[in-house]
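# Report on the structure
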Amino acid sequence: NTDIVVAYNGLTECCRLLRNMCVQCTKTQDNILPCIKKIKSVIASCKELKRGIHKSESESSAVLFRCIVQFIGNSIVGHPRNQQFVWDNFQDELR
């Protein structure tokens, strides 16, 4: 479904922006926790879509998932509060 692919591409661009905003910026990391909290449902959708039938949807999902992981990584580097939140809330999703 092209609508799903377009939606995932849009989410991917948002995650890339968030990922890049967190690089070496403690102020951004301080304010990004609400976004990290909301990303959990997107991760679940990515996992479901990866099991889907349509190759284009699965590929879009995989790219989005990689961007999410990079965003989460950048949001926790050198930031103990975000590290603890991710540790407490994302262990199962990121396996």
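Residues numbered from 1 in each chain as written. Predicted model: local features only at pLDDT ≥ 70, side-chain atom pairs only at ≥ 80, totals over all residues. Heavy atoms only, no water.

Turning our attention to the confidence of the model for the protein. Scored by pLDDT, the protein has a mean of 84; 84% of the residues are at 70 or more. Mean pLDDT in the protein bottoms out at helix α3 (residues 33-50), which sits at 76, and peaks at helix α2 (residues 26-31), which reaches 93. (pLDDT = per-residue confidence, 0-100. Helix = DSSP H or I, 4+ residues; strand = E, 2+ residues; numbered from the N terminus.)

With that out of the way, let us pick up helix α1 (residues 2-22). Helix length check: α1 (21 residues) gives 30 Å between terminal C-alpha atoms against 30 Å at 1.5 Å per residue, within 8%. Taken from the residues just after α1, glutamine 24 is the one with a positive phi, measuring 50°. (Expected span 1.5 Å × (residues − 1).)

This paragraph deals with the nonpolar core. Ranked by internal contacts, the top residues of the largest apolar core, which has 19 residues, are Ile36, Ile39, Ile43, Ile68, Phe71, Ile72 and Phe90. The biggest single contributor to this core is helix α4 (residues 55-76), with 6 residues. (Core = buried A, V, L, I, M, F, W, Y, C linked by side-chain atoms within 4.5 Å. Buried < 20%, exposed > 50% of the residue type's maximum accessible area, 1.4 Å probe, protein only.)

The next thing to look at is the environment of glutamine 91. Position of glutamine 91 among the secondary structure elements: in the segment after α5 (80-89). Glutamine 91 gets classed as partly exposed once you look at its relative accessible area, which sits at 32%. At a separation of 2.7 Å, a polar atom in the side chain of glutamine 91 contacts the main-chain carbonyl oxygen of tryptophan 87. (Polar contact = N/O pair within 3.5 Å; in protein donor to acceptor, adjacent residues only side chain to side chain.)

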